[in-house]
Amino acid sequence: SGLPRFRVPALPGTLEQNLQLLEAGATAGVTSFLLTVSISRTFALKHGYTVCAQTELVSLGLVNLVGGFFGAYTSSGSLSRSALCSSVGGRTPLHGLFQAAVVAAGLL
């Protein structure tokens, strides 16, 4: 029923539980980063461009930080979506904007 509203997430539980949550989140973040950079480099070699791992890290961090205030799932690279986009000739980030518009239209 529409797009999610902005809200500050609560940290329920004890300090020990929150530290365990932080540990699990850090593990998921590192795994997501490694997956995204691996996919980026694979397609960079295929299409002849370069990838800056630091830029990828900052981008993923900001997207996931902001997404947390809207109850979003964590974001990372998608090998299947990237392969599909590459196979149909997608060359620019515009395809991602089109996909986001289709999803947003479906939610509204």
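In this text the structure is predicted, and so the values were computed from the model without any measurement. (Residues numbered from 1 in each chain as written. Predicted model: local features only at pLDDT ≥ 70, side-chain atom pairs only at ≥ 80, totals over all residues. Heavy atoms only, no water.)

**Q** How do you make sense of the overall build of the protein chain when you look at a structure like this?
**A** In terms of helices and strands, the protein chain carries four helices and zero strands. In the protein chain, the succession of α and β elements from N to C terminus is α-α-α-α. Its C-alpha atoms put the protein chain at 50 × 35 × 20 Å along the principal axes. Here the protein chain, with 108 residues, has 12% of them falling under the buried criterion. Of the contacts made within the protein chain by residues no fewer than 6 positions apart, 60% connect residues no fewer than 24 positions apart. When the accessible surface of the protein chain is split by element, carbon and sulfur atoms take 68% of a total near 8,500 Å². (Helix = DSSP H or I, 4+ residues; strand = E, 2+ residues; numbered from the N terminus. Buried < 20%, exposed > 50% of the residue type's maximum accessible area, 1.4 Å probe, protein only. Contact = heavy atoms within 4.5 Å. Areas by Shrake-Rupley, 256 points an atom, 1.4 Å probe, with all protein chains shown as cover.)

**Q** What exactly am I supposed to notice about the side chain of T36 here?
**A** Mapped onto the elements, T36 comes out in helix α1 (residues 15–47). Setting aside chain neighbours within four positions, we find T36 in contact with E56, L60, S76 and G77.

**Q** Just to check I follow, could you spell out the packing of aromatic side chains for this structure?
**A** Two measures describe an aromatic ring pair: the distance that separates the ring centres and the angle between the ring planes. Here the structure, examined in full by the defined rule, presents two aromatic pairs. On the numbers, 5.3 Å between centres and 15 degrees between planes, the contact of F6 with F69 is stacked. Of the two residues, F6 sits in the segment before α1 while F69 sits in the loop between α2 (53–68) and α3 (79–87), which places them 63 residues apart along the sequence. Judged by centre distance (5.6 Å) and plane angle (70 degrees), the ring pair of F6 and F70 falls under edge-to-face. A residue pair is termed long-range when its members are at least 10 positions apart, and F6 in the segment before α1 and F70 in the loop between α2 and α3 qualify at 64 residues. The partly exposed category is assigned to F70, whose relative accessible area is 33%. Through pairs of rings, three or more aromatic residues link up here, namely F6, F69 and F70. (Phe/Tyr/Trp six-rings, centres within 6.5 Å; stacked < 30°, edge-to-face > 60°.)

**Q** What am I meant to see in the confidence of the model for the protein chain here?
**A** Close inspection of predicted coordinates is inappropriate for parts of the model with low pLDDT. Across the protein chain, pLDDT averages 88, with 99% of residues at or above 70. Of all the helices and strands in the protein chain, α3 carries the lowest mean pLDDT, 83, while α2 carries the highest, 92. (pLDDT = per-residue confidence, 0-100.)

**Q** Hey, could you run me through a nonpolar patch on the surface in this one?
**A** A contiguous nonpolar patch, built from L3, V103, L107 and L108 and spanning about 430 Å² of accessible area, is present on the exposed surface. Structurally, the position occupied by L107 is in helix α4 (residues 94–107). (Patch = residues over 30% accessible without salt bridge, like charges linked within 9 Å, V, L, I, M, F, W, Y side chains within 5 Å. Salt bridge = Lys/Arg side-chain N within 4 Å of Asp/Glu carboxyl O.)

**Q** Quick question: what am I supposed to make of the packing of α1 against α2 here?
**A** Two quantities define a packed helix pair, namely the angle between the helix axes and the distance between the axes. At their nearest, the axes of α1 and α2 sit 10 Å apart, and the two run at 130 degrees to each other. On the basis of the axis angle, α1 is oblique to α2. Regarding α1 and α2, the two cross each other, and that crossing is right-handed. On α2, the residues touching S32, F33, T36, V37, S40 and R41 of α1 are A53, E56, L57 and L60. In terms of residue class, the contact of α1 with α2 is made up of five nonpolar, three polar and two charged. (Axes fitted to C-alpha atoms, helices over the stretch in contact; angles between N-to-C directions. Parallel < 35°, antiparallel > 145°, perpendicular 65-115°, else oblique. Left-handed = near helix turned anticlockwise from the far one by under 90°. Nonpolar A, V, L, I, M, F, W, Y, C, P; charged D, E, K, R; others polar.)

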